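# Understanding the architecture of this molecule
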Amino acid sequence: GGGIEEKSRYSVDALVGDRTIPLTDPFWLRIMDHLDAYLEALDTGVDAVDMIHRSCQEMLKHRKITNNLRYLVAVACASLEKIADRGGRGSENLIETTVNMLFLTRVILKRLIENTEGKERSLALTLPRHPTDSKHNTTP
């Protein structure tokens, strides 16, 4: 149940939460549509920026115990690669959702870079592989 706004909010909450979502989970296919709805549902201006930054803060807080940031980067890159393989020709939906994923990834990584330094920044940007990674592909 629930409207698209509720589902999209739930998806973003899951993404930035404290549990790893395996790459094999259908979540990674749905997140693209839900991200679109989430970003469209936000009012422009301070509310949107504030919600995105709160989501970033949660993801950064949990990045040491989940692979979700790493997986978000991998899924966004795989989606971008799919568009590039098609010579930039793809469905408008795929292009729009990829742009939204890259936007969210950019905001999160920018915040991470701005709020860490030295060894902590290096470790955060390395996004080390967890033992469970070997079970998953980087393209859902």
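Residues numbered from 1 in each chain as written. Predicted model: local features only at pLDDT ≥ 70, side-chain atom pairs only at ≥ 80, totals over all residues. Heavy atoms only, no water.

Our focus in this paragraph is the confidence of the model for the protein. Of all residues in the protein, 69% attain a pLDDT of 70 or more, and the chain-wide mean is 74. Segment residues 131–140: pLDDT under 50, and 19 contacts once partners within four positions in sequence are set aside and those in other chains are kept. (pLDDT = per-residue confidence, 0-100. Contact = heavy atoms within 4.5 Å.)

Any two packed helices are characterised by the angle at which their axes cross and by the distance between the axes. Viewed as axis vectors pointing N to C, helix α4 (residues 68–85) and helix α5 (residues 92–115) meet at an angle of 140°, and their least axial separation amounts to 9 Å. As for the relative orientation of α4 and α5, their crossing is left-handed in sense. The residues of α5 that touch α4, namely those facing Leu69, Leu72, Val73, Val75, Ala76, Ser79, Leu80, Lys82 and Ile83, are Leu94, Ile95, Thr98, Met101, Leu102, Leu104, Thr105, Ile108, Leu109 and Leu112. In terms of residue class, the contact of α4 with α5 is made up of 15 nonpolar, three polar and one charged. (Axes fitted to C-alpha atoms, helices over the stretch in contact; angles between N-to-C directions. Helix = DSSP H or I, 4+ residues; strand = E, 2+ residues; numbered from the N terminus. Left-handed = near helix turned anticlockwise from the far one by under 90°. Nonpolar A, V, L, I, M, F, W, Y, C, P; charged D, E, K, R; others polar.)

In this section: the nonpolar core. In globular proteins that are soluble, nonpolar side chains generally tend to be buried together. Grouped together as the largest cluster of nonpolar side chains are 26 residues, with contacts concentrated most on Leu15, Trp28, Met59, Leu72, Met101, Leu104 and Ile108. Listing elements by their share of this core, those giving two or more residues are α1 (4–16), α2 (27–41), α3 (46–62), α4 and α5. Once you skip the residues sitting within four places of it in the chain, Leu15 turns out to touch Ile21, Phe27, Trp28, Met59, Asn68, Leu72 and Leu104. (Core = buried A, V, L, I, M, F, W, Y, C linked by side-chain atoms within 4.5 Å. Buried < 20%, exposed > 50% of the residue type's maximum accessible area, 1.4 Å probe, protein only.)

So, on to α4. The end-to-end C-alpha separation of α4 is 25 Å, in line with the 26 Å expected for 18 residues at 1.5 Å each. Taken together, the buried positions of α4 are Asn68, Leu69, Arg70, Tyr71, Leu72, Ala74, Val75, Ala76, Ala78, Ser79 and Ile83. A positive backbone phi angle near 65° is found at Gly87, which sits one or two residues after α4. (Expected span 1.5 Å × (residues − 1).)

To continue, consider the packing of aromatic side chains. This model, assessed by the stated rule, comprises two aromatic pairs. Taking 5.1 Å as the distance between ring centres and 90° as the angle between the ring planes, the aromatic pair formed by Phe27 and Trp28 counts as edge-to-face. Residue classification places Phe27 among the buried positions, given a relative accessible area of 5%. Plain terms: the ring middles of Trp28 and Tyr71 are 6.2 Å apart, the flat faces sit at 85° to each other, and that makes the pair edge-to-face. Pair noted here: Trp28 is in helix α2 and Tyr71 is in helix α4, with a separation of 43 residues, a long-range link. The same class applies to Trp28 and to Tyr71, which are both buried. (Phe/Tyr/Trp six-rings, centres within 6.5 Å; stacked < 30°, edge-to-face > 60°.)

It is worth spelling out the pattern of salt bridges at this point. Counted by the stated rule, this structure contains two salt bridges. As a salt-bridge pair, Lys61 and Glu58 come within 3.2 Å of each other at their nearest N and O atoms. Of this pair, Lys61 and Glu58 are both found in helix α3, three residues apart, which corresponds to roughly one turn of the helix. Overall, Glu58 belongs to the partly exposed group, its relative accessible area being 31%. With its nearest N and O atoms 2.4 Å apart, the salt bridge here joins Lys110 to Glu114. Linking Lys110 with Glu114, this pair stays in helix α5, spanning four residues, or about one helical turn. On the basis of relative accessibility, which here comes to 39%, the residue Lys110 falls in the partly exposed class. (Salt bridge = Lys/Arg side-chain N within 4 Å of Asp/Glu carboxyl O.)

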